[in-house]
Amino acid sequence: MERYFQKCLAAFMAVCMLLCTNAYAEDNNVALNIKAKSAVLMEASTGTVLYSENKDERLPLASVTKIMTMLLIMEAIDNGKIALTDMVSVSERAMSMGGSTMFLETGEQLSVDDMLKGIAVASANDGCVAMAEHIAGTEQEFVNMMNTRAKELGMENTNFVNTNGLDADGHYSSAYDIALMSRELLKHPAIFNYTTIWMDSLRDGKTQLSNTNKLIRFYRGANGLKTGSTSKALCCLSGAALRDGMQLIAVVMGAPTSADRFSDARALLDYGFASYAVSEILTAGEEAGTINVLKSETEQIPVITADKFTLLSKKGEKGEIEKELVLEQSLTAPVQKGQNVGKIIIKQNGNVIGEVSLLADSDAAKIKYSSMLKKIFASW
């Protein structure tokens, strides 16, 4: 019974902390006149939702699906499973995909780099299937990977049936879930090499590509991500833009027209950039002091921050920021580099808004017996 009570209390405290740190953030009293069925504006570094309408409603998402497809491709590249220079063979199934394509032919081979370009810029349905088969063997196995990754990201209102977003029963997501996977994709900076292209070509200039995301050309700071439209999904968009060090994600689902989805996204982004700002309170690897080490020839070792800490605030409301250092008085050797030795508590106007772990920045081996004797004799 006591353990049950403790679990309930911990859950309650976690909810309270979440409400306290983000209570100011989402302000839906603002009238943005969104025409889409659902929408979300998220700040990427903190994952804070700044504005939403029907953010958890399950809706078809059309080619915005390709954000998850591109995420798995980027992760496969970063993990060394595939390389941008790898050649991808086109199957008959991949070639048979309708809708937006990069005009793949059965037996043709293109590089992963070209495939990514076709998917990100031209929304190539055939390119998605070709890449899925290249990475997972079959499209279905790749779809299984997509759903597994969605669960890992906390996408509770999402189920994928295919890799490209063509209308299918049981294929859906929510504006909030799309923001989550968009945020994860943005952690791979190389994706901007593709999502920021306005016009390009493939096959030595024989195939022209034009970006379906008009924000890239007409919105300052736009750097992604993906459009989508089908008869069921209507017009969708996950738009991303970076200004003054703040990366925003604007998700729009079920807009009546293509013009509406872009005007909705602009309204969301304009509101975010006009109302909020981010500041980096701590950087990863920042030196935060030293700590004593007992029973070691190394009497002190430096301590660094494990992660960065970014503060999101309404413009003009940052307030007083305090950083409280919490360290062990001393450590006993051996100490390993990267060992957790304390934390920095960040407070805003006296309220705790977060904390960052502190790590030992070097090893401290246990002192040898002979060295210990020398120290004893020296002290005598």
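In this report, the structure presented in the accompanying data block is examined. (Residues numbered from 1 in each chain as written. Predicted model: local features only at pLDDT ≥ 70, side-chain atom pairs only at ≥ 80, totals over all residues. Heavy atoms only, no water.)

1. Observations regarding the overall build of the protein
Then comes step 1: Each helix and strand in the protein was counted, giving 11 helices and 17 strands.
Then comes step 2: Classification of the 380 residues of the protein by burial places 49% in the buried group.
Then comes step 3: Once local pairs closer than 6 in sequence are excluded, the contacts in the protein between residues at least 24 apart make up 63%.
Then comes step 4: A total accessible area of about 18400 Å² is found for the protein, and carbon and sulfur atoms account for 51% of it. (Helix = DSSP H or I, 4+ residues; strand = E, 2+ residues; numbered from the N terminus. Buried < 20%, exposed > 50% of the residue type's maximum accessible area, 1.4 Å probe, protein only. Contact = heavy atoms within 4.5 Å. Areas by Shrake-Rupley, 256 points an atom, 1.4 Å probe, with all protein chains shown as cover.)

2. A look at the pattern of salt bridges
Note that side chains of opposite charge can pair when their charged atoms are close.
Then comes step 1: Overall, the coordinates contain 11 salt bridges when judged by the stated rule.
Then comes step 2: One salt bridge in this structure joins R149 and E75, with 2.9 Å as the shortest N-O distance. Remark: E75 occurs in helix α2 (residues 66-78) and R149 occurs in helix α6 (residues 139-152); sequence separation between them is 74 residues. For the pair R149 and E75, a shared accessibility class is recorded, and that class is buried.
Then comes step 3: Two residues, E184 and R149, come together in a salt bridge whose shortest N-O distance is 3.3 Å. On the criterion of sequence distance, the pair formed by E184 in helix α7 (residues 175-185) and R149 in helix α6 is long-range, its members being 35 residues apart. Taken individually, E184 and R149 each receive the classification buried, so the pair is uniform in this respect.
Then comes step 4: Each member of the salt-bridge network shares a partner with another, and the members are E75, R149, E152, E184 and K187. (Salt bridge = Lys/Arg side-chain N within 4 Å of Asp/Glu carboxyl O.)

3. Quick notes on α2
Helical geometry note: an α-helix holds 3.6 residues per turn, so side chains three or four residues apart project in the same direction.
Then comes step 1: For α2, spanning 13 residues, the distance from its first C-alpha to its last is 18 Å, which sits close to the expected 18 Å at 1.5 Å a residue.
Then comes step 2: Counted residue by residue, α2 has 12 buried out of 13 residues, so it is predominantly covered.
Then comes step 3: Those residues of α2 hidden inside the fold are in contact with α4 (112-122), α5 (125-136), α6, α7, β7 (222-230) and β8 (234-243).
Then comes step 4: Once α2 ends, the next one or two residues include G80, with phi positive near 80 degrees. (Expected span 1.5 Å × (residues − 1).)

4. Quick look at the sheet that holds strand β11 (residues 287-294)
Then comes step 1: Judged by pairing direction, the sheet is mixed, and its 6 strands sit side by side in the order β14-β16-β17-β12-β11-β15 without closing on themselves. Each end of this open sheet is capped by a strand with a single partner; those strands are β14 (321-327) and β15 (330-332). Each strand of the sheet is rotated relative to its neighbour by a mean of 35 degrees, with strand direction disregarded.
Then comes step 2: Note that β11 and β15 share 3 bridges and pair parallel. Paired with V293 across the bridge in β15 is L331. (Pairing = 2+ DSSP bridges. Axes fitted to C-alpha atoms, helices over the stretch in contact; angles between N-to-C directions.)

5. Considering the layout of surface pockets
Then comes step 1: Here the second largest pocket defines a volume of roughly 310 Å³.
Then comes step 2: Looking at the second largest pocket, it is lined by 15 residues, and the ones nearest its centre are E43, A44, S45, Q247 and K308.
Then comes step 3: Elements with a minimum of two residues in the lining of the second largest pocket: β9 (246-255) and β10 (276-282).
Then comes step 4: Here the element with the most residues in the lining of the second largest pocket is β10; it accounts for 3 residues. (1 Å grid on protein atoms, 1.4 Å probe; cavity = no way out; pocket = protein on both sides within 12 Å on 5 of 7 lines; lining within 4 Å. Points joined across faces, edges and corners; volume = space filled by probe spheres on them.)

6. Focus on the packing of α2 against α6
Then comes step 1: For the pair α2 and α6, interaxial distance at closest approach is 10 Å and the crossing angle is 95 degrees. Taken as axis vectors, α2 and α6 run roughly perpendicular relative to one another. Judged by residue contacts, M68, T69, L71, L72 and E75 of α2 engage F142, M145, M146, R149 and A150 from α6.
Then comes step 2: Of the residues contributing to the contact of α2 with α6, the split by class is 7 nonpolar, 1 polar and 2 charged. (Parallel < 35°, antiparallel > 145°, perpendicular 65-115°, else oblique. Nonpolar A, V, L, I, M, F, W, Y, C, P; charged D, E, K, R; others polar.)

7. What to know about the side chain of S174
Then comes step 1: Inspection of the secondary structure puts S174 in the loop between α6 and α7.
Then comes step 2: From its side chain, S174 meets the backbone nitrogen of D177 in a polar contact 3.1 Å long.
Then comes step 3: Beyond its immediate stretch of four places on either side in the chain, S174 contacts K55, D56, E57, N157, T158 and M253. (Polar contact = N/O pair within 3.5 Å; in protein donor to acceptor, adjacent residues only side chain to side chain.)

8. As for the pairing of β8
Then comes step 1: Most of β8 is tucked away: 8 of the 10 residues are buried.
Then comes step 2: In this structure, β7 lies alongside β8, joined through 8 bridges in antiparallel fashion. Residue pairing in the sheet places T230 in a bridge with L234 of β8.
Then comes step 3: In textbook terms, the turn of a hairpin is the stretch between consecutive antiparallel strands, and for β7 and β8 this stretch comprises 3 residues.
Then comes step 4: Two elements, β8 and β9, share 8 bridges in a ladder whose sense is antiparallel. Pairing of G239 across the sheet is with A250, part of β9.

9. A look at the packing of aromatic side chains
Describing an aromatic ring pair means giving the distance of the ring centres and the angle of the ring planes.
Then comes step 1: Throughout the structure, instances matching the rule amount to 3 aromatic pairs.
Then comes step 2: Seen from their ring centres, Y51 and Y271 are 6.2 Å apart, and the 65 degrees between their planes marks the pair as edge-to-face. You can see Y51 sitting in strand β2 (residues 48-53) and its partner Y271 sitting in helix α10 (residues 258-275), a full 220 residues away along the chain. Both residues of the pair, Y51 and Y271, belong to the buried class.
Then comes step 3: Aromatic pair W198 and F218: ring centres 6.1 Å apart, planes at 80 degrees, arrangement edge-to-face. Pair noted here: W198 is in the loop between α8 (192-195) and β5 (199-202) and F218 is in helix α9 (residues 215-218), with a separation of 20 residues, a long-range link.
Then comes step 4: On the basis of relative accessible area, F218 is assigned to the exposed category, the value being 57%. (Phe/Tyr/Trp six-rings, centres within 6.5 Å; stacked < 30°, edge-to-face > 60°.)

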